[in-house]
Amino acid sequence: MKVILIDDEPLARNILKKYCSNLSDIEVIGECENGFEAVKMIEELQPDLIFLDVQMPKLNGFEVLELLANPPKVIFTTAFDEYAVKAFDANALDYLLKPFLMERFAQAYEKAKKVQEPQQLENVRESYAHPDEKQRIVIKDGEKITIIPMEDLIYIEAYDDYVKLYTSSERYVKKQTMSYYEKTLPASSFVRIHRSSIIAIDRIQRIEAIENGRYQVLLTNQVRLPISRSAFPELKQRLGW
Amino acid sequence: MDQIGVSESKNLRTQVILALGFGGLYSFALFCSGFTYQNFLYSGFVLALEIFIGGRMMTTVFRYFQPKKTISLVPLTILFLQTAIVTSIFYWIVNALPEAWKPMIFLPHFSTHAVVLFFVFWVFFYEWWFIKNDVRNLNDTQRLLHLQEDLKNAEIKNIQQNIQPHFLFNSLNSISSLTISAPEEAQKMVVMLSEFLRHSVVKNQKMFVSLKEELDQIDRYLAIEQIRFSHRLSFEMIHDDANDPVEIPCMILQPLIENAIKFGLYGQTGKAEIKMVCERKRDYIHFHISNPVDESYTINKGTGFGLNSIRKKLYLLFAENNLLKTYIENQRFHTELKIPIQNESNSN
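Residues numbered from 1 in each chain as written. Chains lettered and ligands numbered in written order. Predicted model: local features only at pLDDT ≥ 70, side-chain atom pairs only at ≥ 80, totals over all residues.

**Some points on the overall build of chain A**
- Assigned secondary structure in chain A consists of eight helices and 15 strands.
- Sequence separation of at least 24 residues holds for 53% of the intrachain contacts in chain A that already meet a minimum separation of 6. (Helix = DSSP H or I, 4+ residues; strand = E, 2+ residues; numbered from the N terminus. Contact = placed C-beta atoms within 7 Å.)

This is the structure we're talking about:
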């Protein structure tokens, strides 16, 4: 099995390498020390399995996976991240808590080998609710990776299987579902006003009545979006009417 | 400012009550002694007025001059002079009244009157002095209470904060790795980590430590990080040994260094050059910490909480608001901390 080791600490990669060398059917084809390198290398080398640290500079482990079109099998490693552990447990995924012994490593490897269908990584990402993280959205456009801070986001619009994310200066397209954002965006600052749109509450300039008791919202970037009848009470409540 | 206002209005209210009380008491005494209705009522009212005016005078005087003790020559002299002035004016006014009015007001002997008034003013003075000091004590008590509560909470979090679990487990993982590749290094790191933990545990029980102790602990912390990230981390510290004995509060400086590591090392991928300058300027110790920061990726919301809790703690300890300042300049995050020098520990 071809594997890539992803961890920002050389010593942590060293011990993984050492453990890998103990097993005959593992070939380490690459190492990287941050999320950007990882995304690039995984797409280039197409490994069967990656050992992925959760806490890393620039992109965390979950964000790395989010940017991959066809993620390989994953064994997560983490020193201490109760939120990540919760997410793994919730999705019955194996993970390694550092430090770990060879036996534990081999066990996780055997388990990963047996996995046939792609792991349910989508759900892990959703259930990873770290209060400090997820304050941003990562976008990959070809080689380029962009990180949008949450406070720059004005609204999100559904676009077939994709979503369009709007900031004051840019528009990004990403393969993702609306319900994913509805679940993961901080509920205190975002609200879904329609089947096809989620807006940042503090970007609302005003709410305008249109015919038949229907309403639309005017955002600070001068975009107008319709508010569905079913979403209106929720919006009113959030605005404290 | 508010507090002075509060004590001022409280003072006025108490003085009115006391003046009316004394006036009423005086009236009652005269009534019992068989004086006529008009006599005791007017006399009481005049005395109340006299006491009230004297009280206001006194408050005005003590607003500009605040004695530290209740019984000392200066406040006693002031009270004495005041009694003399008020009594004289009172007698002068009563004497100047038309002959027809005079019988309405009972006038005791000048000296008796003066002694009574002096006693009343002294009561006033005590009352004023207590309220004033009470307010000050209350503030200190409240601040102390907050601080104690904060420390209690911090104590629980301290081990976690002081020894971040993330740091601890990653260090253990590094040791585990070193036992295979470089056993001697592993041994060194175990010792270093133990020293660090030992000092963290001891430190939890104190509120202040010497600067030297705090800097030594930071050295240990950074030495461990150095092993984990030897290829990326460099640290430079400028510090004058003469400041070693200065006492600084626990859990202020180290969290700031950890913050610098978090953003300068964990948060970006380039070289992490962390600098700290520590110098004495008059009655303060100044710290200037800087670390590289990835401006486009750093969201300062996360740091906000940590910095705010340090700000709060500084305020609780020193009642000063501008001790911590942070800003981004030339792709570096700068933290400036000032610690008022309270007392320098005698032992080195």
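The discussion continues.
**Structural notes on the pairing of strand 6 (residues 136-141) of chain A**
Residues and elements named next belong to chain A.
- Where strand 6 meets strand 7 (residues 144-149), six bridges bridge the pair, whose relative direction is antiparallel. Within strand 7, the position partnered with isoleucine 139 by the bridge is threonine 146.
- Between strand 6 and strand 7, which pair antiparallel in sequence order, lie two residues; one of them, glycine 142, sits at a positive phi of approximately 65 degrees. (Pairing = 2+ DSSP bridges.)

**Some points on the sheet that holds strand 11 (residues 190-194) of chain A**
Residue and element names in this part refer to chain A.
- Reading across the sheet, the five strands line up as 10-9-8-12-11 and stay open at both edges, with antiparallel pairing between neighbours. The strands lining the two open edges of the sheet, one partner per strand, are strand 10 (171-175) and strand 11. Across the sheet, the axes of successive neighbouring strands diverge by a mean angle of 20 degrees, strand direction being ignored.
- As paired elements, strand 9 (residues 162-167) and strand 10 share five bridges and run antiparallel to each other. (Axes fitted to C-alpha atoms, helices over the stretch in contact; angles between N-to-C directions.)

**Here's the deal with the confidence of the model for chain B**
All names here are of chain B.
- Model confidence for chain B is summarised by a mean pLDDT of 79, while 77% of its residues fall at 70 or above.
- For chain B, helix 4 (residues 110-162) is the element with the lowest average pLDDT, namely 67, and strand 5 (residues 284-292) is the one with the highest, namely 94.
- When the criterion is pLDDT under 50, residues 1-6 qualifies, and its contacts beyond four places in sequence or with other chains add up to three contacts.
- Confidence drops under pLDDT 50 across residues 298-302; counting only partners more than four residues distant or on other chains, this segment forms eight contacts.
- Scoring of the predicted complex yields 0.65 for pTM and 0.79 for ipTM. (pLDDT = per-residue confidence, 0-100.)

**A closer look at the sheet that holds strand 1 (residues 2-6) of chain A**
All names here are of chain A.
- Reading across from one edge, 2-1-3-4-5 is the order of the five strands in this open sheet, with parallel pairing throughout. The sheet terminates laterally at strand 2 (27-32) and strand 5 (95-97), the two strands that pair on one side only. Adjacent strand axes in the sheet meet at a mean angle of 20 degrees when their direction is disregarded.
- Here helix 1 (residues 10-22) sits on the sheet and contacts strand 1, strand 2 and strand 3 (49-53); the angle it forms with strand 1, its principal contact strand, is near 160 degrees.

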